[in-house]
Each structure stands twice: as structure tokens, then as C-alpha cells.
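Topology and contacts: notes
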Amino acid sequence: GAGVSQSPSNKVTEKGKDVELRCDPISGHTALYWYRQRLGQGLEFLIYFQGNSAPDKSGLPSDRFSAERTGESVSTLTIQRTQQEDSAVYLCASSLAHTGGNYGYTFGSGTRLTVV
Amino acid sequence: KQEVTQIPAALSVPEGENLVLNCSFTDSAIYNLQWFRQDPGKGLTSLLLIQSSQREQTSGRLNASLDKSSGRSTLYIAASQPGDSATYLCAVRPADTGRRALTFGSGTRLQVQP
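Values in this document were obtained by computation on a predicted structure and should not be read as measured data.

Let's shift gears to the sheet that holds strand E8 (residues 75-79) of chain A. All names here are of chain A. The sheet built from four strands is open, its strands ordered E1-E3-E8-E7 with antiparallel pairing. Every interior strand has two partners, whereas the edge strands, strand E1 (5-7) and strand E7 (65-69), have only one. The sheet shows a mean angle of 15° between the axes of neighbouring strands, direction not considered. Pairing of E7 with E8 involves five bridges; the strand directions are antiparallel. Residue pairing for E8: Ser66 is matched across the bridge by Thr78.

All names here are of chain B. Turning to its location among the elements, Leu11 is positioned in strand E2 (residues 10-14). When the C-alpha positions of Leu11 and Gln111 are compared, they lie 6.2 Å apart, and in sequence the two are 100 residues distant. When residues no more than four places from it in sequence are discounted, the contact partners of Leu11 are Leu19, Leu21, Thr108, Arg109, Leu110 and Gln111.

Before going further, it helps to examine unusual backbone geometry. Note that the residue after A:Ser7, namely A:Pro8, is joined by a cis bond; omega there is -10°. Along the chain, the position of A:Pro8 falls in the loop between E1 and strand E2 (10-13). Cis geometry is found at the peptide bond from B:Ile7 to B:Pro8, where omega equals -5°. Relative to the assigned elements, B:Pro8 resides in the loop between strand E1 (4-7) and E2. Backbone geometry places B:Ala79, a non-glycine residue, at a positive phi of 45°. Take B:Ala79: it is sitting in the loop between strand E8 (72-77) and strand E9 (86-94).

Quick notes on the rules
Residues numbered from 1 in each chain as written. Chains lettered and ligands numbered in written order. Predicted model: local features only at pLDDT ≥ 70, side-chain atom pairs only at ≥ 80, totals over all residues. Heavy atoms only, no water. Pairing = 2+ DSSP bridges. Helix = DSSP H or I, 4+ residues; strand = E, 2+ residues; numbered from the N terminus. Axes fitted to C-alpha atoms, helices over the stretch in contact; angles between N-to-C directions. Contact = heavy atoms within 4.5 Å.

Below, the structure is given as C-alpha cells:
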């Protein structure tokens, strides 16, 4: 596609429920990233995919968080047993990524998750 | 661990002023530095990307400089307009090929008064 697409744009869920957030990167972008931004705070790295594998998942805050990517395309971020502190905007970005690594990121518009 | 700091945290200027936003980073081993704009409730829009071998990049009224050895970058906005009001974020990409994630600063919230 022309840009990075994220769905849903807004999600309200009850505490304890599971949620799935989806990211469609730019076609041909092999690298995909998930970030979280809590209200009034900076961006917090969650996980990075190169192709379908995740060489860096150091930012996932707990084992309730998981992510997968299939077909070097769509990625889903799953949060199990949501807690109120999970409320944030979840941002996805993609980039071309070769060994040189000198490419910029393109971000999606994010999914605003509210846990009530 | 890379740390990125942006100063000032917030800035309010009258329309037409030229202004400078500052970004500093602790580890100079970077591939590139990218400046983004974030509007309230929106995602990030890329403004400028500076490769580690470059000293500056320009796009319209925006000019970004990079001094990698001292760990500093500036974003210069000429003739500011109310439409420039947004949060500006800088982010560095590490040279460590095993870790490609950007490290972001906390941003500078800019308000341009008409």
C-alpha cells in the first residue's frame, strides 16, 4: 500500500479481555516495528521484525504481550488480560532494511487503546 | 544504552519567528537521525533523515544539522507559521546491526501564535 495502515484506529476494551492490533506495512518493507506511547510520554520500543522473525523483542513489557508477522507483511500485536496501564497509542512503523540499515521509518496513524 | 534528550520541552513563539530545536544523544555510533512531527492524536510524520555521513538536510523551511561526534542535532524552522504547531521528535538509529530500533527523545511541543 501507499502507507502504513493500522487497525482499528480506536479500541475500548474491558480490563481482563484480550485485544489484537493489526499493522499493514508498506509493500516491500522488510522491517517492521511496534512502539507504544502513553499519554503525555515519549515513544517506547516494543518489538522489531526483520522479515517474519523478531531479532529484538526486548521492549515487550510482560509475557502478556506477543506479536507475530506472517508473509513478510501483516503483523499483529496481541495483549492478553489487558490492564489499565496498557492504555496507550500503539504505533507501527516499517522501513526498508538491509545490512547497511540506513533507511528511514514510515509510521502508521496508530491504534488508541483504552482499557476500562 | 542510548539516551536522546530534546530541549526545550515546550516552546511558544509568535508567527514569523525563526527557531531552533535541539536534540542530543549519548552514543555517537548511529546510522542515521530522523526528525518527526506529531500532531495531537495522530501518528508521526517524517520530516528529515540525516545519514551518519551527512552534516545537514534541507526541506523547504526546515533545515536539520548533525554533529555526530558531539552527539548533537538541531532542527531549524524558518519563518514559523501557526500550521507548524505540533510536537517535534528526534530519533536515532543505532549502528549495531543486531538492534535496529530507533531511540526517541521526549519531543519539543511547539506552539506558533498567529
